[in-house]
Amino acid sequence: MAKATSKKTKNAKKEATDQSHIEARALTPQTGAALFEDARSRLEEVFQALDTPHDARSRLMQPAASLQVSVPVRMDDGSLQAFPAWRVQYDISLGPAKGGVRFHPDVNQHEVTTLSFWMAVKCAVVGLPFGGGKGGVQVDPKQLSSLERERLARGYIRAIADIMGPDRDIPAPDMNTDAEVMGWMIDEYENIKRVRAPAAITGKPIPLGGSQGRVEATGHGALTVLDLWAEQENRKPEETTVAVQGFGNAAYHFARQAAERGYKVVAVSDSSGGIYKEEGLDIDAAKKAKQKHGELAKCRQGKRIKGDELLALEVDVLALAAMENQVTGDNVGDVAAGMVLEIANGPVTSDADAALEKRGIDVLPDVLANTGGVIVSYFEWLQNRAGQAWSEEDVNQRLDEKLEREARQVLERARDEKITYRQAAYRQGIERITEALLARGNCQDCR
Ligand code: NDP
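**A short note on the pattern of salt bridges**
Pairing between side chains of opposite charge can happen when the charged atoms of each approach one another.
Thought 1: Counted under the stated rule, the structure contains 32 salt bridges.
Thought 2: Where Arg87 meets Asp169, a salt bridge forms, and the shortest distance between an N and an O atom there is 2.6 Å. Of this pair, Arg87 sits in strand E2 (residues 80–91) while Asp169 is found in strand E5 (residues 169–173), placing the two residues 82 residues apart along the sequence. Neither residue differs from the other here; Arg87 and Asp169 are each classed as buried.
Thought 3: Across the pair Glu190 and Arg196 runs a salt bridge, and its minimum N-O distance is 3.0 Å.
Thought 4: Salt bridges sharing common partners tie together Arg42, Glu342, Asp353, Asp366 and Arg422.

**A closer look at unusual backbone geometry**
One can expect most non-glycine residues to show negative phi and most peptide bonds to be in trans.
Thought 1: Even without a glycine there, the phi angle at Asp51 is positive, about 55°.
Thought 2: Along the chain, the position of Asp51 falls in the loop between helix H2 (33–50) and helix H3 (54–60).
Thought 3: Although it is not a glycine, Asn234 sits at a positive phi angle of roughly 55°.
Thought 4: Tracing the sequence through the fold places Asn234 in the loop between helix H7 (214–232) and strand E6 (241–245).
Thought 5: According to the relative accessible area criterion, Asn234 is exposed, its value standing at 72%.

**Details of the side chain of Asn370**
Thought 1: As for its placement among the helices and strands, Asn370 is situated in the loop between helix H12 (366–369) and helix H13 (372–386).
Thought 2: A polar contact of 2.9 Å, which involves the side chain of Asn370, links it to the side chain of Lys122.
Thought 3: Setting aside anything within four residues of it in sequence, one finds Asn370 in contact with Lys122, Thr218, Glu342, Ile343, Ala344 and Asn345.

**Points about the sheet that holds strand E11 (residues 339–342)**
Thought 1: Spatially, the seven strands line up as an open sheet ordered E9-E8-E7-E6-E10-E11-E12, and their pairing is mixed. Single-partner strands in this sheet number two, and they are strand E9 (303–305) and strand E12 (362–364). Taken over all neighbouring pairs, the strand axes of this sheet differ in orientation by 20° on average, direction set aside.
Thought 2: Here three bridges tie E11 to E12, and the two strands are oriented parallel to one another. The residue of E12 that forms the bridge with Leu341 is Leu364.
Thought 3: Its contacts with the sheet place helix H8 (residues 249–261) against E6, strand E7 (264–270), strand E10 (317–320) and E11, and it is angled at close to 165° to E6.

What counts, and at which threshold
Residues numbered from 1 in each chain as written. Predicted model: local features only at pLDDT ≥ 70, side-chain atom pairs only at ≥ 80, totals over all residues. Heavy atoms only, no water. Salt bridge = Lys/Arg side-chain N within 4 Å of Asp/Glu carboxyl O. Helix = DSSP H or I, 4+ residues; strand = E, 2+ residues; numbered from the N terminus. Buried < 20%, exposed > 50% of the residue type's maximum accessible area, 1.4 Å probe, protein only. Polar contact = N/O pair within 3.5 Å; in protein donor to acceptor, adjacent residues only side chain to side chain. Contact = heavy atoms within 4.5 Å. Pairing = 2+ DSSP bridges. Axes fitted to C-alpha atoms, helices over the stretch in contact; angles between N-to-C directions.

Laid out in structure tokens, this is it:
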């Protein structure tokens, strides 16, 4: 009895701590409405430049649909914890909503909404027949056991199953969710619907219909965009130094492939800090150290640096591949790179973006630079629907063709219209979404 009471007290305390943790995060401006407002201010600029009809503006200033749920999870110690979670479908004019699911303690409705907006723009920039969606669960996945993560992933799908599906909304991996998590999710979805529906989720393990090349695709695509920029600048990879913030899926595969191509990857970091080596890092050795110790700060290669030191390195390319709001009005003055490559979503705030433009520092924007993942997700969806399995070579060749074509258009538009790469990419994306919206009819001010 005494034991039961003390467990109850312990759980009550845990709940109280969890609650205060959630409230504290909700009050942080950068994790709140500011992120979405920042995204919308960029959108308004594009509307003005394109003279977008009012009907389309009004539709695109807010998400088409937004679902908030609570996902109860039975923890290993027998207690029940309910995690707040969201799925947002920002726009579905071009096709079903497409976008990843994030597990992170900072996830909130504004963040998921903003990410879903960026997905809508991104899919349109590279001409995919998808709208934009995103999901997230407010949880620290590092505190969960593998079984708890599985229960959470399955619980999330039970909560959103009614609004997803191959023709409605197709989730995929994002921060802290990977092919294993997608495997649990598709299994749960197929059990609920009592059908085999592999095209309902992308980024799955290969035996469940996952695509060859999906895991590496975001890094691969970012490298393709970097290569095009380097070609335009008459710059050779061997003469180009690169620092990479992040060392997860997108960052690691980008860093490894960039080093293989000949770029000098001199620094990488994770949430524990980073490492720097002037002659270039051995990326696979860094990966092994990260796997062994759990953090890069314990890697013996090169010199240890702090996360903000990486952002201030004098390199040719600063690749941001961790999370949003990393270069802001407060630290943009420290950036000493020649070009910023946004592999993460929204790593540069709009005020920082304007400051970089003033200083003549190019930014290759997220809505172009990180599209490799969603392009191969589209290929996975196509393969699933056609009952096919393409080789890795085939996938990569199609990825290169598609991305090179769309990225060249963005780069050329920036040059011809004398605008930034971000402005050019947004104009390409918003034009396409607007055309689809208007083609659906009922536009009052564009007749
Ligand atoms: P992962 O969870 O695989 O990796 C995230 C990485 O960022 C981890 O190495 C993490 O460190 C690191 N990190 C977190 N905070 C910091 C920080 N303050 N400083 C330095 N590093 C930090 O996520 P992904 O690689 O999948 O995603 C990264 C970004 O790329 C996100 O913005 C995501 O939306 C975007 N993206 C990802 C795609 C994909 O296919 N994976 C597709 C398109 C965009 P630690 O290991 O210590 O936790």
